[in-house]
Amino acid sequence: MKVKRQLILICTGKDCKKSGGKELYRELKKSTAKEPFKGQFKLIKTKCMDMCKSAPLAVAKDFYFKKTSPLKVLEVLKKP
Ligand code: FES
């Protein structure tokens, strides 16, 4: 049986790392491991996505999250 998971891309390039990209990754990893998100998302660390002025950057559900925080991303993920 195939399990469909949505991808969340998180930039961990140099500028995003300085602006909290790694913390964003860690927080989202923790949050998506719990209910109601458990098993629905796959987090992927990326290199620079060439939008360094918007660091930290994440991409999920066809949205760019610029200068984002875990809460902002999770709010959008909750929406169906
Ligand atoms: S380092 Fe993240 S977009 Fe460049």
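Residues numbered from 1 in each chain as written. Predicted model: local features only at pLDDT ≥ 70, side-chain atom pairs only at ≥ 80, totals over all residues. Heavy atoms only, no water.

A.B. asks: Looking at this model, I keep getting lost on the pairing of strand β1 (residues 6–11). Mind explaining?
C.D. replies: For a regular strand, side-chain orientation follows a simple rule: the groups alternate between the two sheet faces. In this structure, β1 lies alongside strand β2 (residues 41–46), joined through six bridges in parallel fashion. Looking at the pairing, I8 lines up with L43 of β2. (Pairing = 2+ DSSP bridges. Helix = DSSP H or I, 4+ residues; strand = E, 2+ residues; numbered from the N terminus.)

A.B. asks: What is the right way to read the nonpolar core from this model?
C.D. replies: General note: in soluble globular proteins, nonpolar side chains tend to be found buried as a group. Residues I8, I10, L28, L43 and L77 are the most contacted members of the largest nonpolar core, which totals 14 residues. The contact partners of L43, leaving out residues within four places of it in the chain, are I8, I10, Y25, L28, K29 and T32. (Core = buried A, V, L, I, M, F, W, Y, C linked by side-chain atoms within 4.5 Å. Buried < 20%, exposed > 50% of the residue type's maximum accessible area, 1.4 Å probe, protein only. Contact = heavy atoms within 4.5 Å.)

A.B. asks: Which parts of the structure should I look at to understand the packing of aromatic side chains?
C.D. replies: Here a ring pair, both rings aromatic, is described through the centre-centre distance and the interplanar angle of the planes. This model, assessed by the stated rule, comprises two aromatic pairs. Over the ring of Y25 we find K45, and its NZ or CZ is 4.7 Å from the ring centre. (Phe/Tyr/Trp six-rings, centres within 6.5 Å; stacked < 30°, edge-to-face > 60°. Lys NZ or Arg CZ within 6 Å of the ring centre and 35° of its normal.)

A.B. asks: Teacher, can you tell me more about helix α3 (residues 70–78) here?
C.D. replies: Residues three or four positions apart in an α-helix share a direction because the helix packs 3.6 residues into each turn. Those residues of α3 that sit buried are V73, L74 and L77. When α3 is viewed along its axis, its buried side chains cluster within an angular range of 95° and face the same direction. More than 90 degrees from the buried face of α3, the exposed residues found are L71, E75 and K78. (Arc of directions from axis to C-beta.)

A.B. asks: Explain the sheet that holds strand β3 (residues 58–60) here, please?
C.D. replies: In sheet architecture, strand pairing relies on hydrogen bonds along the backbone and comes in two forms, parallel and antiparallel. As summarised here, the arrangement of the four strands in space is β2-β1-β3-β4, forming an open sheet in which the pairing is mixed. What marks the edges here is a single partner per strand, and that holds for β2 and β4 (63–65). Going from strand to strand, the sheet's axes swing by 20° on average, the running direction of each strand aside. Helix α2 (residues 21–32) contacts β1, β2 and β3 of the sheet and is inclined by roughly 155° relative to β1. (Axes fitted to C-alpha atoms, helices over the stretch in contact; angles between N-to-C directions.)

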